[in-house]
Every structure is written in structure tokens, then in C-alpha cells.
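Letter by letter, the chains look like this.
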Amino acid sequence: MTDITSRPSIEAEKTPEPVSLAKPEQPVDQAERASGPRRRVRIDSLRRVFIDVRQKPTYRFTVRHGAYVWGGARILTRRGWEARTTAVHARMMRIAEASGNEELLRTWEQRAYAYRFARHKRRMDLLQMAMNAPRAMASAAMGFGGLLLMLGIMLAVYNHDVRDVLAPTNAVIEFVGWVAFLAGVIWEPLLYSLPVLALGGAWAVGKNQKTAPTWALPADTGEQGVIPDENAILRALGKLSIPQLNAAIKEGWQPRWVQPTTRLGNGYHTQLQLPMGVTVEMVNAKKNVLAHNLMRKPVETWPTEPPNMPGVLDLWVADQGSLNGPVPDWPLLHEGTTDYFKGVPVAVSQRGEPIIGKLMAANWIVGGIMGSGKTSIVVSLLLGAILDPLVIAEVYVMAANVDYDPLRPRLRNLVKGDDPEELRAALDALRGLANEVTERGKLLEELGGESTKLTRELALKDPRMRPKVVVFDECHELFMNKEYGKEAAELAIRVMKKARKVGITLIWVTVSPTADSIPRDVTRNTSHRVAFAVGDQVANDGLLGSGKYKAGIRATELVPGQDVGTAVTYGFTSKPFEIIRSHYVQRDAERGIDEVTPVVERAMALYEGGPADAPAFAPVDHLADIAAVLGHETKMLTLDVLRGLQDRNAVEYGSWSFRDLRSVLDDAGHGEYKTGGKMHVSLDRILDAIAAREDDLDDEGGTEE
């Protein structure tokens, strides 16, 4: 029996399609399923073949140099077009319009109008010159011919030979013939070599700009980040996937280097004005990628924005591994005394420069996870402080910590432990300091009269005004205590606000820098902030101040267990931040190493009135040395200043270059001072910088950025 429902399909199958003579195809989904695996196999095979071909040196060589020529020709064409048209002006107007900067838009419109007007004038001048050219050429020919004829007549009269009348004309004709002969010899090779020269020029430009695909570049070009020059920095920025930056680059953004890449200490420093719509915060958000592109670790790459230069990317890139080498020995390890009022050495900067820890008119907060190196910098600071026999030192450790035990002979108080008795002792110390700062303020007024701050002379005059350094380690235990925490926070803030001028230095050390463990006002009123490796943004800003993480000043990028002793700091120099590596005065009983005890014994001898003929440690004051070299001269050539510094202190300034001197002058706000086309150093500007530095003592630590 025939299935009636199948009959129409049978007839339809027998009836050919009127519009196509081809065989009936499989349904689409079946065709795709059947052909999909084969298509994928073919695509994978073609991809493998293409990858294999790309790896062949001959193919890569051909593509690379061909891309150099093509890319160089394209760049030269664009440069020529932009030089002859208002393309640059139009591009800048589009960017200004997109960013809503009407003032900049009007500026570029005026520049475009001025350019078109000048171009029109040049064209009109050329047209007028072409119209006047025949008359000018005829006049010149007649004048030159007359001159030759006059010379010939004079020559004929002198030689008494009428044939010499045409001698000058014949000589010129012969010279023209020789020039035509030489041109005929040179012209054809030159004509054939012009395309080769043009290709060579395009190739050179393309090679310099790296216009070839990345896979075709030589293997060694992957090391462009080893020396982060302008090209490497631009390539690294272009790969950050910042839409606004990519759009600016596509529009043909031409970067303006505020300061080209220069060698600075153990790395390279540059300043670049970012295009409109791109902020330094955007770059900081991609800091890890930027460091990778420059072949550095994040801790070796520091993009920031100078306080007085908005829109400028200030980039410092350390040498690879420069932050992992050994730190120099502590300068006071074997000899020397200190002066509380001048500071003590505690570390070296990221550029290898000594970092002086300020004690007078300063207070500290030191934080980081366990084992990051907090104690090393505090011990160095304490050892330096007690090498001044005037200093009184106290330590309150709210934990079972033996790091300060070797200093016990020179400490007035050493309290250890987190039991209620030890916490109460730390609170009592704060109560005593709160009363002491008030009494010292009254004594300072009696002793100093007009003086607004404690000096060494005043401290020597009255023992009650001796400088005091007080350390509160693991201070979060005190501030987070339910019974004592609130009062401790109030006392700490009260003492810090008054202690700077009366010679009391507070040092807070914590492993848990949060809003609960460290009162916010304590951070606000701290002048020297030291952040070793921390775990998150909250801890970072709790130590360094709010907004520092967002600004790219991040201790979160320090690796625990690897960057031991390395810290991000604020307040040590005029720069927005410093990466420092603290000195390590060793004490290891298992290995029999004890460098702390000999220093404490020297400090005890000084304190008890022993031999005081040890050389005093005096931090080098570059501005004071420059002022001394200048003497009474109102200005002096930078070369003469540099030579004077080298004569004054060959050890410190013997290796200095103009770059080092300029760095100091720039940090002091001296700026460029040029007279008669030559660079000078101004005595007035140096003295103003020294005065401003002294005035900063009254302004430190009172606000949060």
C-alpha cells in the first residue's frame, strides 16, 4: 500500500527545478555539519602553514625590510603632505573640538588662517617672479655680456692684440661646455640612482620607526625596554589599551617631551605631556602592563604627575634588578657621631643617593606586613639618634619583640608586651608627653625669646630641653584597645601637633595600617611616612595618605619576602615620593654577627662623657655648598660652580656632571637662568631656596594631600 503523504515529495523530487540544472543539495544544516570539520581542518592547516612560513628567516627578512620601505614611504608622504597643507591644524582642531576646548580650537583656527595666508602670499610672489623672470634674465644676460666685453677690451689694450676682446667670452663658453660635459657624465648614473636613494631613505625611516610587524622584527628588538628611550616609551604607552590614547595616536598625535629621557641614578627619567583626554591616573591603572612593556617589574616603573605640571607624565624607570642588589653599609657602623638637629642616615634612594632621616621637627609612621623590614629602618634611626649624647630615647613595644634589647643600655625606657600593664605604660608615656610638650613650650619661650623652635644651643643650655625620640612599635595594639584606644588617639594627636618645635620625635610602627588601627589624624600630622610591602589599597593609603594609591604611589607592588627593606616613602625629599632601601645593621646570634652592640657601646661612651673626638656625621647640604662656592658673586657660570664644588668636596662631587647639578637646582626651584646665551647659577635663587627650606619646618605634617 502506497503512503499518500509521501507522494508529493516523490513527485517534487522527480520534477527538476526550472531555475537550476544542478543536483539537489543536502539540507543546509547537514551540509554545514558535514563541511564544518573539513573547513576547520583546512583553516588549521593553512594557519599552521602560515605560521611555519613566518618562522623562516628568509620570509621574515623579506617582510621586515619590505615593511620598512613601505612604512617609511608612508611616513615621508604624510610628513610632506602635512608640511604643505593644513592637515596638522585640522587634526588638532578636531581633537580640540572633541575635548570641548574652545580656546585651543580658536588658537588652531588662527594658526591655520595664518598658515594659509602665508602660503597664498608665497604663491603670489612666485607667480610675480615667474612673470618678471624673462625681463630679469634678459637684463642679467645683457649686463653680464657687457661686463665680459669690457674685460675683453681692457685685456686687448693691455696686450695690444685685438683678438683678446673675445677672450673672456670664449673662456665662459668653454667653462659652460665643461660643465655640460660633466653633467652629461654624472646625470645618467644620478638619474638611475635616485630611486635607490629614495628607497634607502624610506627604508631608514621605516627601520627607525619600527614599521614592520612585530613577528617579523629581529629577536633582539624585544629588548627595547632595557633602555626606555622615547621610542620604547611611546610603544609601551601605545599598548596599554587606553581608548583615548589610542584615538590620539590614530589621529597622528605628536608627543611633546617636556624632558627627554636622561640617565638619573640607577635608571632613566623622562617627562611627557599626555594628549587631551588622557590622564596620568589612566596610565597608572595600567601600570603593570606598562612595566611589562618596558621589561621591568612594577616596582621598577613609576609613572606620576608632577604637582606643578598637570597633564604631564613623569616617568622614572629603574635599571633591571637595580632594586635587588646589596645596600651599602650604614655610614656610622664603625665611627662617627650625629646631631639630632641635622638628621641621621637611614637608607639610600632608588637613584643610589643617601637618604637622611630627619628628627628635629619631624615625626614618623612606619608600616608593612611582617618580615618586610620595618624594624631595620627604625633600628637605624634609633642608633643614629643615640649617637648624639643629648638625645633621650624611649621604646614601647606592644609585642614580644627582642629587636630592641641590644639598645637597652642607652634607652631610658624599654617596655615590651601586649598585656594590660604594658599597654597602660605606653598610655602613661603619652600622658607624660602631652604634659611635657606644654612645659617645653613655656621653657622655649623663656630660653629662646624670639626663637620659635628648639636649637642645639638651647638644648645645651637647659637639660629639660634635651631632644627626645619615642618609639611606639605595634601601636595598633594600643589604638585598637577598647579601654585605652580612644584616649591614646587623642593624646597622640595632641602631642604631634605641638612636639615639632620643642624637640620631641614620635615614631609609630605598625603591621596593620588601617583606619581603625591608626587614627586618620595621626597620619595627617605625620611628616615622614614609610610603607614597606602592604597587602591592599587601604593599608597603602593608611600609611602614605589618602589618594596616593590612585596617584600611582603604591607599596602594594612590593613583593613580600623579596623586596625586604625596600619601602615607598613620603616626606623625605621635595619629590612626591621616594623609593628607599633601608640600611641594615645586622644582629644574628645564630651566625655570631652583632653590629648593633658596638654602636650602642660607642653611644654609651659618648653619653657618659667619654672620648668625643670621633668624626661627626654631617649630611651633605648641596644648596649650602653651592652658596659657599658662589660666595659674594651674584651669578656664576654652571661650569665654574661645578668645578668649585669638586674642589670643595672631591669625594661627594668628583663624579658629578652638569646633569647632577641641574637636578639639584631643579629640585630647589632654581630653574634655568641664562644670560648672554650661557647658563648661570644665581646666588639670590639659591638663598631663596635655602630660606624656603627652613620655612618648611613650620608647615610640615599638618595636612593630608
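Computed from a prediction, not measured in an experiment: that's the story for all the values here.

J.: For the overall build of the protein, give the residues involved together with the corresponding values.
T.: Looking only at helices and strands, one finds 23 helices and 19 strands in the protein. Out of the 705 residues in the protein, the part that is buried amounts to 39%. Contacts spanning at least 24 positions in sequence make up 67% of the contacts within the protein whose residues lie at least 6 apart. When the accessible surface of the protein is split by element, carbon and sulfur atoms take 58% of a total near 39,400 Å².

J.: Which residues make up the sheet that holds strand β4 (residues 312-318), and what values do they have?
T.: In space, the four strands of this open sheet follow the order β1-β2-β4-β3, with antiparallel pairing throughout. Because the sheet does not close on itself, it has two edges, and the strands there are β1 (256-264) and β3 (301-304). Going across the sheet, the axis of each strand differs from the next one's by a mean of 10 degrees, ignoring polarity. Of the strand pairs in this sheet, β3 and β4 are connected by four bridges, and their pairing is antiparallel. Bridging from a neighbouring strand, T301 pairs with V317 of β4. In this fold helix α7 (residues 230-238) packs onto β1, β2 (267-273) and β4, with an angle of close to 115 degrees to the strand it touches most, β1.

J.: Report on the pattern of salt bridges, specifying residues and quantitative values.
T.: Within the structure shown, the criterion is met by 18 salt bridges. Taking the shortest distance from any N to any O, the salt bridge between K121 and D125 comes out at 3.4 Å. Linking K121 with D125, this pair stays in helix α5 (residues 102-159), spanning four residues, or about one helical turn. Classification of K121 as partly exposed rests on a relative accessible area of 46%. When the shortest N-O distance is used, the salt bridge between D462 and R464 registers 2.8 Å. With a relative accessible area of 8%, D462 lands in the buried category. In this structure R464 comes out as exposed when scored by relative accessible area, which is 53%.

J.: Can you break down the sheet that holds strand β19 (residues 678-682) residue by residue, with the values?
T.: One open sheet holds the three strands; their spatial order is β17-β19-β18, and the pairing between them is antiparallel. At either margin of the open sheet sits one strand with a lone partner, and together these are β17 (635-637) and β18 (674-675). Sheet topology note: the β18/β19 ladder contains two bridges and is antiparallel. Looking at the pairing, K674 lines up with M679 of β19. Across the sheet, helix α20 (residues 638-648) is in contact with β17 and β19; its angle to β17 comes to roughly 85 degrees.

J.: Go over the UniProt feature "binding site: ATP" (unreviewed entry) in the protein, please, and point to the residues and values.
T.: In the numbering used here, UniProt assigns the feature "binding site: ATP" (unreviewed entry) to G368, I369, M370, G371, S372, G373, K374 and T375. Relative to the helices and strands, S372 resides in the loop between β7 (364-367) and α11 (374-386). Apart from residues lying up to four places away in sequence, S372 is in contact with F532, A533, D563, V564 and G565. Of note is the side chain of S372, whose polar atom sits 2.7 Å from the backbone oxygen of I369. For K374, the location among the structural elements is in helix α11. When its relative accessible area of 8% is taken as the criterion, K374 is described as buried. Only 3.3 Å separates the side chain of K374 from the backbone oxygen of G368, close enough to count as a polar contact.

Definitions and limits used
Residues numbered from 1 in each chain as written. Predicted model: local features only at pLDDT ≥ 70, side-chain atom pairs only at ≥ 80, totals over all residues. Heavy atoms only, no water. Helix = DSSP H or I, 4+ residues; strand = E, 2+ residues; numbered from the N terminus. Buried < 20%, exposed > 50% of the residue type's maximum accessible area, 1.4 Å probe, protein only. Contact = heavy atoms within 4.5 Å. Areas by Shrake-Rupley, 256 points an atom, 1.4 Å probe, with all protein chains shown as cover. Pairing = 2+ DSSP bridges. Axes fitted to C-alpha atoms, helices over the stretch in contact; angles between N-to-C directions. Salt bridge = Lys/Arg side-chain N within 4 Å of Asp/Glu carboxyl O. UniProt positions renumbered as here; feature names shortened; annotations may be inferred. Polar contact = N/O pair within 3.5 Å; in protein donor to acceptor, adjacent residues only side chain to side chain.

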